[in-house]
Each structure stands twice: as C-alpha cells, then as structure tokens.
Amino acid sequence: MQESFIAVISPGSHLSQEEVRLVQAARVDPAAFDILYQRYLTPVYRYLCLHTYSDEDASDLTQQVFLQALQALPKYKERQLPFAAWLFRIAHNLAVDHFRRRRQTLSWDWLPEALHPFAETDDPEAVILERELEREKLVRLRLLFDKLSSDKQELLALRFAVGFTAREIAVVVGKREEAVQKQLRRILETLRQQWKEQAR
C-alpha cells in the first residue's frame, strides 16, 4: 500500500487520467468517492496515528478528513494541487487543530516496525540480543525526538513515517520546497550531533 501510495504522489506528477475521472465522477455522484476513499484510507490513517494517542482518535480524524474532502470536492482544482497533496493538507490542518485542542505530541510508538531492522538469524539468543540493542537505540532516539518542537516532529513524520519527499511536504505544510529541504537537513544534523554526544 505504501509503495503504490507514494507512486501516486511522486514529485512533479499530476493526477493520472484515471484519478481525474474518479474526482470528476465523485463530484457528480458522492458514491463514486468510495474508490478514492479506499485508495487513501490507510496512508491518511497512518499519518494521523502520529498525532493521537489512540486508534479511536486517529479513526475519528480520518473520517473527518474524508468528510471534509467530499464536501470541498466541488471547489478542488486539479491543476493547482495533486489530489493526494490536497487530501493530506486537509489531514494536516485537522491534525494541527487536534494538537492544539489536546496539546499532544507525535507518538514515536507509531514508527512502522519495518523501520526497526533486526538481524535475520536462527539463533534465538542472537535475535534477543539484537532486539535489545535496537530497543536501546530507539529509546535514545526517541528521547531526542521528543525534545524537538512539534513542527520539527511533523516534518520528520511526513518524511520518514509517511514517506513524502521535500516537495510533497512543502505542499502539505504550505512552505517552499527549498525551505523544507533546508530545515530537514538542519534537524537531521542536529540529531546526529546529539546522538554522538549521547554516545560519549
């Protein structure tokens, strides 16, 4: 799902002809919106999990995203913004509102397990040892992550949990691509330096 999602919103791409037809059909018949809903449900939900403490809150926000998108669909212009970026801008705005109401931070626990590399081995003791070492590293990294401001956490979440490029992030958060690239580089460099200092 993640690979196909990223392919749909690859940098510089515009809506595929299929997606243009889906959007146009949904404008005429709201039932046709279901295909777009199914296509983006999992990525939107995964993104919103980063802004909540519970599955229930993430599910509620996800439903709000699609309700708002369906209501605003008549005003959506394909030439101005790819559909996925437009949808994630709605999700971003709802997440910001949710954060302000609840004063919550992104949850490191929602980092996909695929990003937790473990050695492939048949030796159970080696697996346990490897997992303990990885767990210690993740705890250290989480402490650094938690110290970041919410806007920096947001950029890292969009880049590494959702898989957006700097260009796609810029569209979602309303900044220039160059500014996003620069900020990501600074955040990562700061984390690298802090990581080295922790290791001493």
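For the structure, see preceding data.
*Asks:* Whenever I open this one, helix α7 (residues 150-161) confuses me. Can you help?
*Replies:* For an α-helix, the turn length of 3.6 residues means that residues three or four places apart are oriented alike. Of the residues making up α7, those classed as buried are Gln153, Glu154, Leu155, Leu156, Ala157, Leu158 and Ala161. Backbone geometry just after α7 places Gly163 at a positive phi near 90°.

*Asks:* Is there a simple way to think about the environment of Leu36 in this case?
*Replies:* Secondary-structure assignment places Leu36 in helix α3 (residues 33-49). A relative accessible area of 0% means that Leu36 is categorised as buried. As a C-alpha pair, Leu36 and Val23 span 13 residues in sequence and 7.9 Å in three-dimensional space.

*Asks:* How should I be thinking about the side chain of Thr62 in this particular structure?
*Replies:* Looking at the element boundaries, Thr62 is found in helix α4 (residues 55-72). In this structure Thr62 comes out as buried when scored by relative accessible area, which is 1%. Of the polar contacts made by the side chain of Thr62, one reaches the backbone oxygen of Ala58; its length is 2.7 Å. Not counting chain neighbours up to four residues away, the residues in contact with Thr62 comprise Leu41, Val44, Tyr45 and Leu48.

Reading the values: rules and limits
- Going along each chain's sequence as written, the residues are numbered from 1 onward.
- The model is predicted, so local features are restricted to residues of pLDDT at least 70 and side-chain atom pairs to those at 80 or more, both for listing and for counting; the totals for chains, interfaces and linings are taken over all residues.
- The basis for every side-chain value is the complete set of heavy atoms in the structure, and neither hydrogens nor water enter the calculation.
- We call a residue buried when its accessible area falls under 20% of the maximum for its residue type, exposed when it is over 50%, and partly exposed in between, using a 1.4 Å probe and counting protein chains only.
- Counting from the N terminus, the helices are DSSP H or I runs at least four residues long and the strands are E runs at least two residues long.
- In protein, a polar contact requires one atom able to donate a hydrogen and another able to accept it; more generally it is a pair of N or O atoms within 3.5 Å, and residues adjacent in sequence count only if both atoms are side-chain atoms.
- Contacts are assigned to residue pairs that have any heavy atoms within 4.5 Å of one another.

Just geometry here; none of it tells us what the structure is for.
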